[in-house]
Every structure is written in structure tokens, then in C-alpha cells.
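# Structural overview
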Amino acid sequence: MEIKRSSKARTKTIVQFITSGEIGLPPGVSSEKGATSIRAQDSTTIIYAGIGEKRECTTSVLRTVAAKAAQRVIELKQSSVSCLIPASLCKSSADECALIDGFMLGSYRFTKYRSDPPPALTVLELVGSSCKPAVVQRQMAICNAVNYSRSLVNENASVMTPAKLVEEARILAKMEHISITVLDEKALIAKKLNLITAVGGGSATPPALIILEYRGNRSSSTKTAIVGKGITFDSGGQNLKPTGSIETMRCDMAGAAAVLGVFTACAQTRPPINLIGVIPAAHNALGSKAYFPGDIYTSYSGKTVEIWNTDAEGRLVLADAIAYCRDHYKPDCIIDLATLTGGILTALGELVAGLFSTSDALAAALFAAGEKSGERLWRFPLYTEYCDSLKGDLGDVRNTSKFKKGYASSITGAAFIREFVGNTPWAHLDIAGTAFNEGAQRGEIPQYGTGFGVRLLLTYLGVL
Ligand code: BES
Ligand code: ZN
Ligand code: ZN
């Protein structure tokens, strides 16, 4: 999308935001939150976008309403739109940025496999913008990064293989300040990342561990690690997923997609921070080389792990990736993003992601970033009883708890990862509910891959 700025509307389609009680509106036009009304005026079409009560207008409301307006523009088969910036609602540049978000994120479509792709919204004209051009540029870069992350998730699992994730990461590593290390299957075996090779071993497309480094602040040694689950397809393995659960499992690399999205945004906006991006990439396949329930593996950390369920594979690849990252990069804190459990959908639905942490300060900062970005989090406990439920018999830890099936599965999944984080402050975000929208579009959140986590992490990191 191209963003232009002007002092008066020059396109045929104009979006005007309206609030409750506003006077002088055409009859029948609704200012209710999220309502849109289309009226022809001379040779132009005006889309009135309802904000609702002015005092309840937040950046989230602006983002969602702008997204709804963007969808109306697409329905009208228009590729350009003028957005009248409502000065009385846009108190800060963050408000105007939320409008840009709405148009850019709300008009996203994954059209690669459509023979009749709907026309894309390609030009956004900001009328009366008071945002600095550099701020608009930054916001565009961030929205493009979110949309990129969405497309990675939406792509066929047969295309988005571990090798393809490596390829995407290598493209990023061509940018300034970014470098890459890739451990291929041979290196993973040699370095004893046995949990990753176990999970990825059943597939014709071998696993890999991708490590990206972004050094935007050479005068500081502080660095944050973000680790994204990169299961390019989760069949469940020997514990095969049934029909009804398996169809959407290309989404299981959404954590990896978020990490790649954050790095894309950093490559474009060059913030003064240091980041490590870690992606354990593997296809959890069912085949003659697939790993077995009942087997015990020695993890990279040295702890032995009893495999009770090959469908609890995300925590296995994360355990090795986190232990390796701590060993070789010594980050100041670790945040992992993973489509880890179906249980988080039961607990929070598709609207909020689960937050688990060993650090109250880190948890509080992430929660605040969630509230600010609209990519919300809710914290769960990690009491010792949950950790105890993972005690092994023949090995050190089990990969699923001894609790009754389905009991506290999101918490015990997090508790398993905790076994491998040591003393490094750590947070785990279970994005199984928020990363993939099986329902209809909700404002700026499209169907299927949502790009969840990119704006959240960028907000946490102070980039947004
Ligand atoms: N990838 C799934 C979790 C998932 C479920 C993601 C729904 C997106 C939507 C994960 O690997 C998994 O299978 N988890 C199991 C763990 C169980 C075997 C302990 C689950 O949640 O059922
Ligand atoms: Zn699984
Ligand atoms: Zn999985």
C-alpha cells in the first residue's frame, strides 16, 4: 500500500469518522461504534464510519473502525481511498497511527491461491494528517511486517517447510545489523539438540534451528531473545490428530512467523535495541521415522524427557531451542511465542493470549504492551504443583502431565518449558487461540493467520 498526504480529498471514495450526537449528518447515517453507512455525494462516495461515544474512543476503537471502513472500500471495488483525519479524535500521533493500522491491516487479503482475486486497496490518502512523515513510514513498515507474518502462516504447509523458514530468515539476514546462524539436521545431531531432531525426524523435510541476531545498539550489551515455535505442520505424529483438529495445523509455525515479522520491522525501522530471534523449525510428521511415545530422549540441556504424547511436540522443540540460546547467547530475558495448547482456546478463546512467566516485572511489561497494542494477554499461575505433575519415572520429566486429560494443559505445557529456562527471566505466550482466526474477520483481524505477536512485541520492545 502507498500512503499519500494531502490537504483535501483527491480520490472518489472518502472515509469520514463520526461520533454519537454529531450534528449535520445525512439522515439515516449511524454513528454507532463499527457501523458504516455509504452515501453518494456529487461524484464521490462517502463512507461514514461510526466511532460511537467520543469519550470512549480509544486507539483500539480507531483501529477497528478504520479496518471496517477499509473493508467497505474493498466491497465497493475501489483501490484508492481518502481518509479524513478526525482532528478531534486524533489527540496524538498514536491515534493517527491506529487509523493507518486499520486501513493496512484491515485490507489484508491472502489472494495467492485465488483465480479471481478481489481488487486490493493500494492507495491511502491521509487528508489533514499531522503525523510526521517518518512516523507514517514506520507505521507502514510495521503493518507490512504484520501482513508478512500473516502470509507465512496462511501459506501451504507443503511450501512453508523448515527449509522455507530458513530461506525467509536468510533474506532478512541480508539487511543491515542482522546476522544469521542456521543449524541444519546434521549440526543438530552433532550438537545433541535431540528433542528437535526427534520431533522433526519423521518428515521428508528435515528440521533446523534458525538464530537471527539484530544489533541495533552496539553500545549496549543488553539483549532480548524471542523464540518462536516453528512447527510447519503438526499432524500430532504417532498420536495423530483427528479430523476436526488437523485441518488448521499449518498455523503451528505462527510463533516463528511472529519472530520473522518482528525482525522484518526491525530491518526497516532500525530501532536502537539488540535482539536474538530463535526459531526451532520442524514438521511433526507421522511416518516410519517418526518418534515414539514411551521413548526417552536426552535433551540439549542434559535433562532426560519421557515422551508421553508426540502431539505435545512444541514444548520439546522450544526446550532445546531455549537451552541452546541460553548457552550460546546469554540473553537478559527470553520470551517465547507458541501455538502450544488447545487448552488456551478453551480458557481465553481467540481474543486473548495466555501469559506465563517467572518474572513479575517481565509479565507486567508484557501485559502493559498487550493493553497498549490491543494484542492482549492474560497471566496464568505456575505453582509448584503444576511443575510436580511433570516428574518423570524412568526419565527426569514427562512431556505431558500426570493430571487427567485436558486438566490445566496450558499451564503444564508452560511448566514443561520452565524446566529449561534456568535463571533467565522468561515469559511464554500461548498464542494457539489468537494466531489463527477460524471465524469471520474481526475489524483489523482477518480470517486465518492474524500476525498476532508482532505488534505486541514491537510495543514491548519500544519500537512502536
Ligand atoms: N499445535 C498444538 C496446539 C494447538 C491446538 C494449536 C489448536 C492451535 C490450535 C499442540 O502441539 C498440541 O497438539 N497440543 C496438545 C498438547 C497435549 C497433547 C498435551 C493439546 O493442546 O491438545
Ligand atoms: Zn501437537
Ligand atoms: Zn503443535
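Residues numbered from 1 in each chain as written. Chains lettered and ligands numbered in written order. Predicted model: local features only at pLDDT ≥ 70, side-chain atom pairs only at ≥ 80, totals over all residues. Heavy atoms only, no water.

## Structural notes on the coordination of the zinc ion (ligand 3)
Only Lys-229 (NZ), Asp-234 (OD), Asp-252 (OD) and Glu-313 (OE) from the protein reach the zinc ion (ligand 3) as donors, at distances of 2.0 to 2.4 Å. Coordination at the zinc ion (ligand 3) is octahedral: its six donor atoms span angles of 78 to 173° at the metal. The sequence pattern describing where the donors of the zinc ion (ligand 3) fall on their chain is K-x4-D-x17-D-x60-E. A separation of 3.2 Å is found between the zinc ion (ligand 3) and the zinc ion (ligand 2), which share Asp-234 as a coordinating residue. With Lys-229 in the loop between strand E9 (224-228) and strand E10 (230-234) and Glu-313 in the loop between strand E13 (304-306) and helix H8 (314-329), the pair connects residues that are 84 residues apart, well separated along the chain. Looking at Lys-229, the relative accessible area reads 1%, which means it is buried. On the basis of relative accessibility, which here comes to 0%, the residue Glu-313 falls in the buried class. (Donors = N, O, S within 2.8 Å, 3.2 Å for Na, K, Ca; no water. Tetrahedral: all angles 85-135°; square planar, octahedral: opposite > 155°, others 65-115°. Helix = DSSP H or I, 4+ residues; strand = E, 2+ residues; numbered from the N terminus. Buried < 20%, exposed > 50% of the residue type's maximum accessible area, 1.4 Å probe, protein only.)

## Quick notes on the site of ligand 1
Lining the immediate environment of ligand 1, one finds 16 residues, of which Asp-234, Lys-241, Asp-252, Asp-311 and Gly-342 sit closest. The contact in question runs from an oxygen atom of ligand 1 to an N or O atom on the side chain of Lys-229, over 3.2 Å. Contact distances for ligand 1 include 2.8 Å between an oxygen atom and a side-chain N or O atom of Lys-241. For ligand 1, whose free accessible area comes to 530 Å², the fraction covered by protein is 81%. Residues belonging to the shell around ligand 1 are distributed by class as follows: four nonpolar, five polar and seven charged. (Near = heavy atom within 4 Å. Polar contact = N/O pair within 3.5 Å; in protein donor to acceptor, adjacent residues only side chain to side chain. Areas by Shrake-Rupley, 256 points an atom, 1.4 Å probe, with all protein chains shown as cover. Nonpolar A, V, L, I, M, F, W, Y, C, P; charged D, E, K, R; others polar.)

## A short note on the pattern of salt bridges
According to the stated counting rule, one finds 18 salt bridges in the structure shown. Among the ionic pairs, Lys-112 bridges to Glu-155, the shortest N-O distance being 2.4 Å. Taken together, the positions of Lys-112 in the loop between helix H2 (93-106) and strand E6 (123-127) and Glu-155 in the loop between helix H3 (133-154) and helix H4 (162-172) put the pair 43 residues apart, joining distant regions of the chain. Residues Arg-379 and Asp-360 are paired through a salt bridge, measuring 3.0 Å at the closest nitrogen-oxygen approach. Placement of the pair is Arg-379 in strand E16 (residues 377-379) and Asp-360 in helix H10 (residues 360-373), with a sequence separation of 19 residues. The class for Arg-379 is partly exposed, based on a relative accessible area of 34%. (Salt bridge = Lys/Arg side-chain N within 4 Å of Asp/Glu carboxyl O.)

## Re the sheet that holds strand E17 (residues 397-398)
Strand order across the open sheet formed by three strands is E12-E13-E17, with mixed pairing between neighbours. Looking at the sheet topology across the chains shown, the edges are occupied by strand E12 (296-298) and E17. Here E13 pairs with E17 via two bridges, running parallel. What sits directly across from Val-305, in E17, is Val-397. (Pairing = 2+ DSSP bridges.)

## Structural notes on the packing of aromatic side chains
As enumerated under the stated definition, the model contains nine aromatic pairs in all. A centroid spacing of 5.3 Å and a plane angle of 65° characterise the contact between Tyr-300 and Tyr-324, whose relative ring orientation is edge-to-face. Of the two residues, Tyr-300 sits in the loop between E12 and E13 while Tyr-324 sits in helix H8, which places them 24 residues apart along the sequence. Each member of the pair, Tyr-300 as well as Tyr-324, is classed as buried. Where Phe-436 meets Tyr-448, the ring centres are 5.7 Å apart and the plane angle is 50°; that geometry is what we call tilted. In this pair, Phe-436 sits in strand E19 (residues 436-437) while Tyr-448 sits in strand E20 (residues 448-449), placing the two residues 12 residues apart along the sequence. Taking the relative accessible area as the measure of exposure, Phe-436 reaches 4% and is therefore buried. An aromatic cluster of three or more residues is present, and its members are Tyr-383, Tyr-386 and Phe-403. (Phe/Tyr/Trp six-rings, centres within 6.5 Å; stacked < 30°, edge-to-face > 60°.)

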